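# Overview (structure and organization)
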Amino acid sequence: MQRNITTGLCLSLLLIIAGCSGTEKASQKVPISDTETLLSYQNSITENFLRHHLSIFAADSMEGRETGTPGERKAAEYLSEQYAQMGLIPVGDNDTYYQHFDLNTTQNDSIIFETYTTTGEEKSIVSRSVASSQSTADYIRAFGGTDSLNGEIIFAGFGVNDPAREVAHLEGADLQGKWVMVFQDIPHVENGDTLISSSVDNRSRFNAIFGAGAEGILLISDMSEAEFEEAARADQSAFGEPSNMQLAYLDDGNSSGQGPFSKGYNMISPDMAAQMLNLVGGADAIRDYREKILQNIKDFSLQPLNYSLAQMPYTSKNSIRTENVLAYIDGSDPELKDEVVVITSHYDHVGIGQPDSTGDRIYNGADDDGSGTIGLLNIAHAFHKAAEDGVRPRRSILFLNVTAEEKGLLGSRYYSDHPVFPIENTVANINSDMIGRIDEEHEEQGIEEYAYIIGGEIISSDLDSLIKAANSRSGQIELNNRYNDLQDPNQFYRRSDHWNFGRLGVPFAFFFTGIHEDYHQPSDEVHKIRFEKLSKIVRTMYASTVLIANADQPPAVDNQQFIEITKEN
Ligand SMILES: [Zn+2]
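Sequence order as written defines the numbering, with residues in each chain counted from 1. Confidence filtering applies because this is a predicted model: local features only for residues at pLDDT of at least 70, side-chain atom pairs given and counted only at 80 or more, and all residues used for totals across whole chains, interfaces and linings. Each side-chain value is worked out from all heavy atoms of the structure, with water and hydrogens disregarded.

### So, the packing of aromatic side chains
How two aromatic rings sit relative to each other is set out by the distance from centre to centre and by the angle between their planes. Ring geometry is summarised as follows: Phe, Tyr and Trp rings, the Trp one being its six-membered ring, pair when their centres sit within 6.5 Å, and such pairs are stacked at plane angles under 30 degrees, edge-to-face over 60 and tilted between the two. Applying the stated criterion across every chain, the model contains 30 aromatic pairs. Between phenylalanine 383 and tyrosine 542 the ring centres are 4.8 Å apart and the planes differ by 55°, which places this aromatic pair in the tilted class. Of the two residues, phenylalanine 383 sits in helix 10 (residues 366–388) while tyrosine 542 sits in helix 15 (residues 531–550), which places them 159 residues apart along the sequence. Tyrosine 542 carries the same exposure label as phenylalanine 383, and that label is buried. Pairing tyrosine 452 with phenylalanine 512 gives two aromatic rings, centres 6.0 Å apart and planes at 40°, and the pair type is tilted. A run of H or I in DSSP counts as a helix once it spans at least four residues, and a run of E counts as a strand once it spans at least two, with each numbered from the N terminus. Relative accessibility decides the category of a residue: with a 1.4 Å probe and only protein chains considered, values under 20% of the type maximum give buried, values over 50% give exposed, and everything between is partly exposed.

Here it is in structure tokens:
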């Protein structure tokens, strides 16, 4: 319904323009989807536009835009107002720019730790401590521990089996249902001697211990008691705030299944560890004991301790409503307008949290992903300017600002499961996250105008050549393929919102300028953004969108390996 109104408006504008510009132009009659003409609207992508809007969007008043907070709501309203001013079509719920959805949140309220001595059947409590936003305990939950856990404690030295070096610290007892206490480090090389093979790492140790059915791991660090207490205080912020958000429609209520790791993985206070090991002198005594074991690392064997630990997490469940923001430009070609190019960015960030050394607690997310979000807004503005002059792409464009990316790509997942336009008609996704800074490597090389591209050629050779052609006629940035590898162990191609399109077989291109020292810090602020570079990347994204939207054929997915990977999902 709204589409027709806009079509009518654009057509009448076109007639006015044509009518005003005299006979010469009227006889040539510029086609309303002309690619060259559309590309010329990249001039509406400017440093001024980007600086103006990003200064507002990443200001402290947006409170870090965390999903489920007033700051996020304010950011969504800001975007929606901008789209309304441009007159873009609202394709969200009830003709708004919002696509609402519900998230279930779990809040960690506290964890109770009870340490017992055990002699035979006798059990008596040694210590009961509570980790919460108000208090610290004898243990710090490093991760996992979503189940109530209870078991005897066994000391396993460095917790490694390394047959090549004749080290067997996990041999000799059943680990089933036990807490396994180990030194945090693995002493691969000490004083030039190789003690443990480099192939034995934290991951293999972790797998060996939990593979044997252990209840949890207790790590003895080299911290002093005071340092441990400081770390425990820093961890207090993990309590009393909603965490672990899940899409309500995907939540089966079974948090220990697909959800976070349910077994225990804790740091233990040096004083408590020393007591269990019968050592007098806390952290110092532990250090001496570690040395002693190192001297005869092959002779160490498992030591049952007369202690047990019960760990009981208390959580509360809640539900919040949040929203993606979406706006639409109708294509001009009757044959192709049902096909849509989706441009995405995530507008949420991580909110207010731990202060940095300057006392700043607001995580502004100017680069992450203010840069991509305001870039997208500027692209919308360029298409809007063109549409005002009666020039529109052949295919339609959806501007999609997703939320809850920082909570696990939840907003893009929701959209991809509840698409406003059918996924079969979604010809490509252009995504950007963090495109306003320079990483260390490029800083050293003195290269400012670059972007990493993920997707593109590893999915679709058409998409790759469209982006290269677009770039040469717009931003002319260096397109860096470094992370663009389906074999990449980091699997960057799965790590942002584009993957929710990719998993359904939609070709995507992700623009990214790399990690920097302000990543997820309060110092990710607008004055550090390189606007000239940002504007060039945004022009390349705009031009790429134009070429995709105007191509005779949508980009074909032709990389067999990518096709295989998406089949697995
Ligand atoms: Zn991000």
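Following the structure, the description resumes.
### Quick word on the coordination of the zinc ion
Any nitrogen, oxygen or sulfur atom within 2.8 Å of a metal ion counts as a donor, with the limit raised to 3.2 Å for Na, K and Ca, and since water is left out, coordination shells can look unfinished. Distances from the zinc ion to its protein donors, namely His346 (NE2), Asp368 (OD), Asp433 (OD) and Asp433 (OD), fall within the range 1.9 to 2.5 Å. Note that the zinc ion binds four donor atoms; their angles at the metal cover 55 to 142°, and the shape is irregular. Coordination of the zinc ion draws on donor residues from a single chain, spaced H-x21-D-x64-D in sequence. Of the two residues, histidine 346 is situated in strand 15 (residues 340–346) and aspartate 433 in the loop between strand 17 (426–432) and helix 12 (440–445); the sequence distance between them amounts to 87 residues. Each member of the pair, histidine 346 as well as aspartate 433, is classed as buried. When four donors show all angles between 85 and 135 degrees the site is tetrahedral, when four or six donors have opposite pairs over 155 degrees and all other angles between 65 and 115 it is square planar or octahedral respectively, and in every other case it is irregular.

### With respect to the side chain of threonine 322
Locating threonine 322 in the fold gives a position in strand 14 (residues 303–329). Of the residues examined, threonine 322 reaches a relative accessible area of 0% and is grouped as buried. There is a polar contact of 2.6 Å between the side chain of threonine 322 and the side chain of glutamate 72. The contacts of threonine 322, once residues within four sequence positions are left out, are Thr67, Glu72, Gln99, His100, Phe101, Leu103 and Thr403. Between N or O atoms, a polar contact is any pair within 3.5 Å; within protein, one atom must be a potential hydrogen donor and the other a potential acceptor, and residues adjacent in sequence are included only when both atoms are from side chains. Any pair of residues with heavy atoms lying within 4.5 Å of one another is described as a contacting pair.

### Focus on helix 6 (residues 202–211)
Listing the buried residues of helix 6 in full gives Arg205, Phe206, Ile209 and Phe210. On an axial view of helix 6, the arc spanned by its buried residues comes to 115°, and they lie on one face. The exposed set on the far side of helix 6, more than 90 degrees from its buried face, consists of Arg203 and Gly211. Buried residues along helix 6 sit against strand 4 (139–144), strand 8 (179–183), strand 11 (216–220) and strand 13 (264–268). The directions from the helix axis to the C-beta atoms are what the arc is built from.

### Some points on the layout of surface pockets
It is the rolling of a water-molecule-sized probe over the atoms that shows where space remains empty. Approximately 1,300 Å³ is the volume attributed to the largest pocket. Taken together, 43 residues form the lining of the largest pocket, with Ser237, Ala238, Glu241, Pro242 and Ser243 sitting closest to its centre. Broken down by secondary-structure element, the contributors of at least two residues to the lining of the largest pocket are strand 2 (98–119), strand 4, strand 12 (242–247) and strand 14. The biggest single contributor to the lining of the largest pocket is strand 14, with five residues. Among the residues forming the lining of the largest pocket, the class breakdown is 14 nonpolar, 20 polar and nine charged. Grid spacing is 1 Å over the protein atoms alone, the probe is 1.4 Å, and a cavity is where that probe fits but cannot get out, while a pocket is an open set with protein on both sides within 12 Å along at least five of seven lines and lining residues have an atom within 4 Å of a point. Grid points are joined across faces, edges and corners, and a volume is the space filled by probe spheres set on the points. Amino acids outside the nonpolar list (Ala, Val, Leu, Ile, Met, Phe, Trp, Tyr, Cys, Pro) and the charged list (Asp, Glu, Lys, Arg) are all regarded as polar, and Gly is one of them.

### Side note on the pairing of strand 20 (residues 508–512)
Counting buried positions along strand 20 yields five of five residues, so the element is predominantly enclosed. Side chains Phe508, Phe510 and Phe512 project from strand 20 onto one buried face, and the interleaved Ala509 and Phe511 project onto a second face that is buried too. Being paired, for any two strands, means DSSP has found at least two bridges between them. Relative to strand 20, strand 18 (residues 450–455) runs antiparallel, the two sharing four bridges. Note that in strand 20 the partner of isoleucine 453 across the bridge is phenylalanine 511.

### Topic: the packing of helix 13 (residues 461–472) against helix 15
Helix packing geometry: the angle between the two helix axes and the distance between the axes. What counts as an axis is a line fitted to C-alpha atoms, over the stretch in contact for a helix, and the angles between N-to-C directions run from 0 to 180 degrees. One can describe the packing of helix 13 onto helix 15 by two numbers: an axis separation of 8 Å at closest approach and a directional angle of 130°. One finds that helix 13 runs oblique with respect to helix 15. Considering the relative orientation of helix 13 and helix 15, their crossing is right-handed. Taken together, the residues of helix 15 that come into contact with helix 13 (itself represented by Leu463, Leu466, Ile467, Ala469, Ala470 and Asn471) are Thr540, Ala543, Ser544, Leu547 and Ile548. Under this scheme an angle from 65 to 115 degrees is roughly perpendicular, one under 35 degrees roughly parallel, and one over 145 degrees roughly antiparallel; angles in between are oblique. For any helix crossing, the convention is left-handed if the near helix is rotated counterclockwise from the far helix by under a right angle, and right-handed if that rotation is clockwise.

### Topic: empty space enclosed by the protein
Per the stated rule, a full pass over the model turns up two cavities of 30 Å³ or more. Empty space within the largest cavity amounts to approximately 60 Å³. Lining the largest cavity are Ala131, Ser132, Ser135, Thr136, Ala137, Tyr139, Ile140, Arg141, Ala232, Asp235, Gln236 and Phe239. The set of elements that each furnish at least two residues to the lining of the largest cavity consists of strand 3 (122–132) and strand 4. Counting residues per element, the lining of the largest cavity draws most heavily on strand 4, at three residues. Residue composition of the lining of the largest cavity, grouped by class: six nonpolar, four polar and two charged. Volume-wise, the second largest cavity comes out at about 30 Å³. Together, Asn202, Arg205, Phe206, Ile217, Leu219 and Tyr265 line the second largest cavity. Secondary-structure elements contributing two or more residues to the lining of the second largest cavity are helix 6 and strand 11. Class assignment for the residues of the lining of the second largest cavity results in four nonpolar, one polar and one charged.

### Some remarks on the UniProt feature "domain: Peptidase M28" (unreviewed entry) in the protein chain
UniProt positions are given in the numbering used here, feature names are shortened, and annotations may be inferred rather than shown by experiment. Mapped onto this numbering, the UniProt entry gives "domain: Peptidase M28" (unreviewed entry) at residues 324–543. Span residues 324–543 is 30% helix and 19% strand, its end C-alpha atoms 24 Å apart.

### Let's talk about the pattern of salt bridges
Each salt bridge in this description consists of a side-chain nitrogen of Lys or Arg and a carboxyl oxygen of Asp or Glu lying within 4 Å of one another. Evaluated as defined, the whole model comprises 27 salt bridges. Note that arginine 482 and glutamate 441 form a salt bridge whose closest N and O atoms lie 2.0 Å from each other. With arginine 482 in the loop between strand 19 (478–480) and helix 14 (499–502) and glutamate 441 in helix 12, this pair connects stretches of sequence that are 41 residues apart. Classification of arginine 482 by relative accessible area gives partly exposed; the value is 44%. Note that lysine 528 is salt-bridged to aspartate 518, the shortest N-O span being 3.1 Å. Here aspartate 518 lies in the loop between strand 20 and helix 15 and lysine 528 lies in the loop between strand 20 and helix 15, a separation of 10 residues in the sequence. Through salt bridges with shared partners, one network takes in Asp185, Glu190, Arg290 and Glu291.

### What to know about the packing of helix 4 (residues 47–57) against helix 10
With their axes 9 Å apart at the nearest point, helix 4 and helix 10 run at an angle of 130° to one another. Taken together, the axes of helix 4 and helix 10 lie oblique to each other. The two elements helix 4 and helix 10 cross, and the hand of that crossing is right-handed. Contact residues: helix 4 offers Phe49, Leu50, His53, Leu54 and Phe57, while helix 10 offers Ala366, Gly370, Ser371, Thr373, Ile374, Gly375, Leu377, Asn378 and His381. The residue inventory of the contact of helix 4 with helix 10, partitioned by class, reads seven nonpolar, seven polar and no charged.

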